[in-house]
Each structure stands twice: as structure tokens, then as C-alpha cells.
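Coordinate analysis (summary)
In case you want the letters, here they are:
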Amino acid sequence: MVVAALIVLRTTVLPAMPYGMAAGVGLLLGLPFLGLRRLLRAAREGAADRIAATVSEAAPGDGVGDGDGDEAGHGADAGGGAEVRGEGEARGEGEAAVGGDGSGAPELPPVPRVTRRESVFAGAGVALLLAVGGTAYAASLEYPRYDIVAHDTFRGLQGFDLREEFDPFGTVPDSELNDSTARVYVPADAAPDVAAEYLVAVSTGDFHEMRESFVDDDGLFPEVTDQDGVVHESWRAGTGPHDAWMRCLRYTEAGTGTPRAMCVWGDKGSIGMVLFTAPDENHDVVEEAARSVGTAFLRPAAE
């Protein structure tokens, strides 16, 4: 029943909690009570041993004289014994009067032993929590591996490396970054100042701290200033390349008036950005174009 309640709680309130962990917690809920029962049993057994030792020490060691005593001594002993017996009887009657009617201290109920079944369930709970916790921790450190494909030409356009002039991943720590590329693509016979059809920037590495919120808060976007253009809208997109989190925006390029779109995506193994001409305002068209470009430059690494 407790395990079922934890599973319901996990489904409705804690969806990120693994089912195995909920079951392990349920099995371990009785562990404090098992420990308390062991302590109580140990305390009572210790008290019983101390009482038995005290009674043994208080018992008379010799009930007969040394054999050389006279009759007077025996008479005194007999009288003393009668006196003691009389006091004992009186004390016994008094105790009977106190406890016999139920007004004395009640007898404590016995503490049940910890059964083998209970021990097995507790051990199973510990093992389950360790297994699920270890697996979850190992999974949190894992991240997808990708290879970058830096095309010299792309869709009939000539590519040029941009990393010396523009490196959007310059702030990413070297310990997290494995590889990166940033390239623009223009017609082969285009003039030097012609606007690029595509700007693609992709990086791979250990970004296991990446979360959807990092993409949603526009923190991955290069800032589009008034000199760059006028932003029309920004929205949370569907899945990006390889099911990454993605966000897109549309803007009109300053100076040329060219309608552009920019999409940025991120997951635990990659961060990417693509800018391209987007005359169509349809979100699905923009997102599909970004996904197709991203998957062309970013491929899952061979096992």
C-alpha cells in the first residue's frame, strides 16, 4: 500500500523520480521501526540480566548455624526466622493488595523480534536505492557524442571559416568543449560584401548541465541590436537537430531589409546556431530549415 502511494505521488507530483527509487523508499520506510525494535529488545534483555544478577547476589548463602551454637542461639534464630517470615508475609499481602486489583504498574507488552522477511525487505530497499541512485548518477554524467562535419560547400554555396572573426563559443570553457566550427556560405561568384545565405556555428562537448531553460531564456542567443536589424518575434521551437531543445526568432536585417531567421539549439552534447534567409513567416518552415542544416553539420559519433 505504501509503495503504491509513493508510485502515485511520483507520477503526479515528482515525475522526475525513478519508479525504482519510489519502491526503494517504500521498502525502507519501516527501517527506523525495525531498528527501534532491536534497541528495545536489547534494552529489555539487558535489564533482565541485571535483575537476575541482583537476585542471585541477594539470596542468603547459609541458612544453618556453625553447629557449635547453643539452644538459645537456635531459639533466637528460630525467632528471628519467624519474624522475617512474618514481615515477608505482610509485605506479600501488601503487594497483593496493591497489584492484585490491577492498580499496580502494568506489565509491558513483548517486543516482537525482527523477522527474516522484514530484514529481506529492508535489504532489498537499500539495494534498490543504491542501484537506482547509482544508475541515475551515471546517466547524469553521460552525454551524447557528435562529430562535426564542416562542409567546404553546402547546397551549392561556397563556405568560409569565420572563427577568427566570429566565435560564438569563445565563452565556453575549454574543459567542456571538444570541437567547434563557424562558417558562412555565399554564392561562389558573389561580391565580397554580399550577405551570406547561411551562417552555421556548431560545437560539441560535455554540456551535461544543459537544461531546456538555458535555451528558453535566450541566454544562448547572440544579441540582435538595432544595428543588426529589427526583431519581429521569438518563440520556443519544437525539437532541434537530434531532438535538442531549440528556440528561434525572426528579424529583418538592417541595411538590406532581408528577412532572416535565427535558431539556436542545445543538448547535453552540442550547442548550435544557424542564421538563414527566411521569407516565409511560418514557424514550422523555419524550424524544419534549422533542423535540416543542423543535422547536416552535426552527426552522431560512431560507437
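Not measured: the values here are computed from a predicted model. (Residues numbered from 1 in each chain as written. Predicted model: local features only at pLDDT ≥ 70, side-chain atom pairs only at ≥ 80, totals over all residues. Heavy atoms only, no water.)

1. Observations concerning the confidence of the model for the protein chain
Worth spelling out the cut-off: Per-residue confidence from the predictor is given as pLDDT, running between 0 and 100. Residue contacts are defined here by distance: any two heavy atoms, one from each residue, within 4.5 Å place the two residues in contact.
When the pLDDT values of the protein chain are averaged, the result is 74; 66% of them are 70 or greater. Below a pLDDT of 50 lies the segment residues 62-102, which in the model reaches 6 contacts outside its immediate sequence neighbourhood of four places, other chains included.

2. Some words on the pairing of strand β8 (residues 259-266)
Basically, it comes down to this: The buried label goes to any residue with under 20% of its type's maximum accessible area, the exposed label to any with over 50%, and the partly exposed label to all in between, with areas taken from a 1.4 Å probe on protein chains only. Put simply, DSSP H or I for four residues or longer makes a helix, DSSP E for two residues or longer makes a strand, and each gets a number counted from the N terminus. Pairing between two strands requires that DSSP report at least two bridges joining them.
Among the 8 residues in β8, 7 count as buried, and that is most of the element. Two elements, strand β7 (residues 245-253) and β8, share 8 bridges in a ladder whose sense is antiparallel. By the bridge assignment for β8, Arg-247 is matched with Val-264. Here β7 folds back onto β8 in antiparallel fashion, the turn holding 5 residues, of which Gly-255 has a positive phi close to 90°.

3. Points about the side chain of Glu-287
Counting through the fold element by element, Glu-287 comes out in helix α7 (residues 283-297). Look at Glu-287 and you get buried, because its relative accessible area is 8%. Setting aside anything within four residues of it in sequence, one finds Glu-287 in contact with Trp-235, Ala-237, Gly-238, Met-246 and Cys-248.

4. Some points on α7
Worth spelling out the cut-off: By definition here, a helix of n residues has an expected span of 1.5 Å times n minus one. Counting of polar contacts relies on pairs of N or O atoms within 3.5 Å, with two restrictions inside protein: one atom must be capable of donating a hydrogen and the other of accepting it, and residues adjacent in sequence are counted only when both atoms are side-chain atoms.
The first and last C-alpha atoms of α7 sit 22 Å apart over 15 residues, in line with the 21 Å expected at 1.5 Å per residue. For α7, the complete set of buried residues consists of Val-286, Glu-287, Ala-290, Arg-291, Val-293, Gly-294, Ala-296 and Phe-297. Of the residues that open α7, the one with a side-chain oxygen 2.8 Å from the backbone nitrogen of Asp-284 is Asn-282.

5. What to know about the packing of aromatic side chains
Keep this limit in mind: Each Phe, Tyr or Trp ring (for Trp, its six-membered ring) is paired with any other whose centre lies within 6.5 Å, and the angle between the two planes then decides the class: stacked below 30 degrees, edge-to-face above 60, tilted in between.
Considering all chains together, one arrives at 4 aromatic pairs under this definition. When the ring of Phe-154 is compared with that of Tyr-185, the centres are 5.7 Å apart and the planes differ by 55°; the resulting orientation is tilted. Within this pair, whereas Phe-154 is found in strand β2 (residues 153-154), its partner Tyr-185 is found in strand β4 (residues 177-186), the two being separated by 31 residues in sequence. Look at Tyr-185 and you get buried, because its relative accessible area is 0%. Both rings, one in Phe-154 and one in Phe-297, keep their centres 5.1 Å apart while their planes meet at 65°; by these two values the pair is edge-to-face. Here Phe-154, found in strand β2, pairs with Phe-297, found in helix α7; they are 143 residues apart in sequence, far enough to count as distant.

6. Some remarks on the nonpolar core
Using the following cut-off: In this text, buried Ala, Val, Leu, Ile, Met, Phe, Trp, Tyr and Cys residues form a nonpolar core when linked through side-chain atoms within 4.5 Å.
Judged by nonpolar contacts, the single largest core of 25 residues is most densely connected at Tyr-198, Val-200, Val-274, Phe-276, Val-286 and Phe-297. The leading source of residues in this core is α7, at 5 residues. If near-sequence neighbours (up to four positions away) are discounted, Phe-297 is found in contact with Asp-147, Ile-148, Val-149, Ala-150, His-151, Phe-154, Tyr-185, Val-200 and Val-202.

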